[in-house]
Amino acid sequence: VAGPPAVTPPEPPELPERPAEDAVRLALVDAARSLSGLGLNHGSAGNLSVRWHRGGADGLLITPSALPYDRCTIDDVVWMPLVPDRSGDPRPDGRRRPSSEWRFHHDLYARRDDVDAVVHTHAPHCTALACLPSVQRDGLPAFHYMVAAAGGADIRCAPYATFGTQALSDHALAALRGRRACLLAHHGMIAVGATLEAALALAVELEWLARTYALALSLGGPATLPADEMARVVERFRDYRP
């Protein structure tokens, strides 16, 4: 007697990409919440992002606009493509608006393959120094060898421009040319890295440098390291840090 016809089991459903994306969203939220305790930020100031592709679309995940980080969840994080729509701007995907500073995040990912995470904060010592004419003109000099952690013999300060504008993005990208961190005049700081952890660690280092430089200024002004020594340190940092 013939048995019942064989039943072909259905194809298993394709697993969605969201679980992997949720892990990155959670890392962003955790990093954003850590900023205050690290002395780098307050309230909803500042913003963080990571490069994140969806299928074949290049893009980024970024913290939302005007939402205190202690109220931020993974569903508040916004995804944005790097390719603009017909309006000329990327069309964000999320229930909230992306950070008002999305432009320099977007432009950094679009123009620098070495950047996979961006941390922007209003760290108090960085911001205070970025209000000084001498720092706006000359940046942070080679007063300490750890200045080289940002990729050069000094840390530049981008000229002031209204927040959220293309002008600010253009100034920031120029100040970050060949570098991993910069100050923003009358505003704050930016640190970038190959990972979110690296960018956050550099932001912490930059605020320590700013605090130490401010202390040195109050004591009469620091000496600076010679150019050949800073060149050696910069070279050593190429292998020491991502």
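Every chain is numbered on its own, with residues counted from 1 as its sequence reads. pLDDT decides what is reported in this predicted model: residues at 70 or higher carry local features, side-chain atom pairs at 80 or more are listed and counted, and totals for whole chains, interfaces and linings draw on all residues regardless. Only hydrogens and water are set aside when side-chain values are computed; all heavy atoms of the structure are taken into account.

A. Up close: the pattern of salt bridges. The term salt bridge refers to a side-chain nitrogen of Lys or Arg lying within 4 Å of a carboxyl oxygen of Asp or Glu. Counted by the stated rule, this structure contains eleven salt bridges. Across the pair R96 and D76 runs a salt bridge, and its minimum N-O distance is 2.6 Å. Of this pair, R96 sits in the loop between β3 (78-81) and α2 (102-111) while D76 sits in the loop between β2 (59-62) and β3; the two residues are 20 residues apart in sequence, bridging distant segments of the chain. Look at R96 and you get partly exposed, because its relative accessible area is 35%. Relative accessible area serves as the criterion here: at 2%, D76 is assigned to the buried category. Note that R179 is salt-bridged to D154, the shortest N-O span being 2.7 Å. Here D154 lies in the loop between α4 (133-138) and β5 (157-158) and R179 lies in the loop between α5 (166-175) and β6 (181-184), a separation of 25 residues in the sequence. Look at the salt bridges and you will find they share partners, linking E21, R25, R54 and D93 into a network. Note on conventions: DSSP H or I runs of at least 4 residues are helices, E runs of at least 2 residues are strands, and numbering of each starts at the N terminus. Each residue is assigned to one of three classes by its accessible area relative to the maximum for its type, calculated with a 1.4 Å probe on protein chains only: buried under 20%, partly exposed between the two thresholds, exposed over 50%.

B. Highlighting the packing of α2 against α5. Only C-alpha atoms enter the line fits that serve as axes; for helices the fit covers just the stretch in contact. Angles between N-to-C directions range over 0 to 180 degrees. Two elements in contact, α2 and α5, have axes separated by 9 Å at closest approach and are oriented at 45°. Classified by the angle between their axes, α2 and α5 sit oblique to one another. Here α2 and α5 pass one another in a crossing that is right-handed. The segment α2 lies against α5, with R103, F104, D107, L108 and R111 engaging Q166, L168, S169, D170, A172 and L173. In what follows, roughly perpendicular refers to angles from 65 to 115 degrees, roughly parallel to angles under 35, roughly antiparallel to angles over 145, and oblique to any angle outside these ranges. When the near helix sits turned anticlockwise from the far one by under a right angle, the crossing is termed left-handed; a clockwise turn instead gives a right-handed crossing. What makes two residues a contact is simply this: any of their non-hydrogen atoms within 4.5 Å.

C. Quick look at the sheet that holds strand β7 (residues 188-193). When DSSP finds at least two bridges between two strands, those strands are taken to pair. Reading across the sheet, the seven strands line up as β3-β2-β1-β4-β7-β6-β5 and stay open at both edges, with mixed pairing between neighbours. Edge positions in the sheet fall to β3 and β5, since each of these pairs with one other strand and no more. Summarising the sheet, β2 and β3 pair through four bridges and their orientation is antiparallel. Along β3, the bridge assignment pairs G59 with P81.

D. Quick peek at the nonpolar core. The term nonpolar core refers to a set of buried residues drawn from Ala, Val, Leu, Ile, Met, Phe, Trp, Tyr and Cys, joined through side-chain atoms within 4.5 Å. L48, L61, L140, L183, M189, L196 and L206 are the most contacted members of the largest nonpolar core, which totals 51 residues. Where this core is concerned, the elements lending two or more residues are α1 (18-37), β1 (47-51), β4 (117-121), α3 (124-129), β6, β7, α6 (196-218) and α7 (227-240). At nine residues, α6 tops the list of elements feeding residues into this core. Ignoring anything within four residues of it in the chain, the contact list for L206 reads C126, L140, I155, A181, C182, L183, M189 and I190. Counting 22 residues, the second largest nonpolar core, distinct from the first, contains L60, A158, C182 and L184.

E. Local environment of the pairing of β2. The side-chain alternation of β2 yields two buried faces, one formed by G59 and L61 and the other by L60 and I62. Note that β1 and β2 share three bridges and pair antiparallel. Within β2, the position partnered with R51 by the bridge is L60.

F. Seen up close, α5. When we look at burial in α5, the residues that qualify are L168, S169, A172, L173 and A175. The buried side chains of α5 occupy one side of the element, clustering within an arc of 160° when seen end-on. Here the buried face of α5 lies against α2, β5, β6 and β7. To obtain the arc, one takes the directions from the helix axis to the C-beta atoms.

G. Region of interest: the side chain of T63. Along the chain, the position of T63 falls in the loop between β2 and β3. Beyond its immediate sequence surroundings of up to four residues, T63 is in contact with A32, N47, L48, Y69, P98 and S99.

H. View of the environment of R95. Locating R95 in the fold gives a position in the loop between β3 and α2. With relative accessibility at 58%, the residue R95 sits in the exposed group. Along the backbone, R95 and V78 are 17 residues apart, and their C-alpha atoms lie at a distance of 7.5 Å. Not counting residues within four places of it along the chain, the set of residues in contact with R95 comprises T73, D75 and D76.

These figures capture arrangement, not role.
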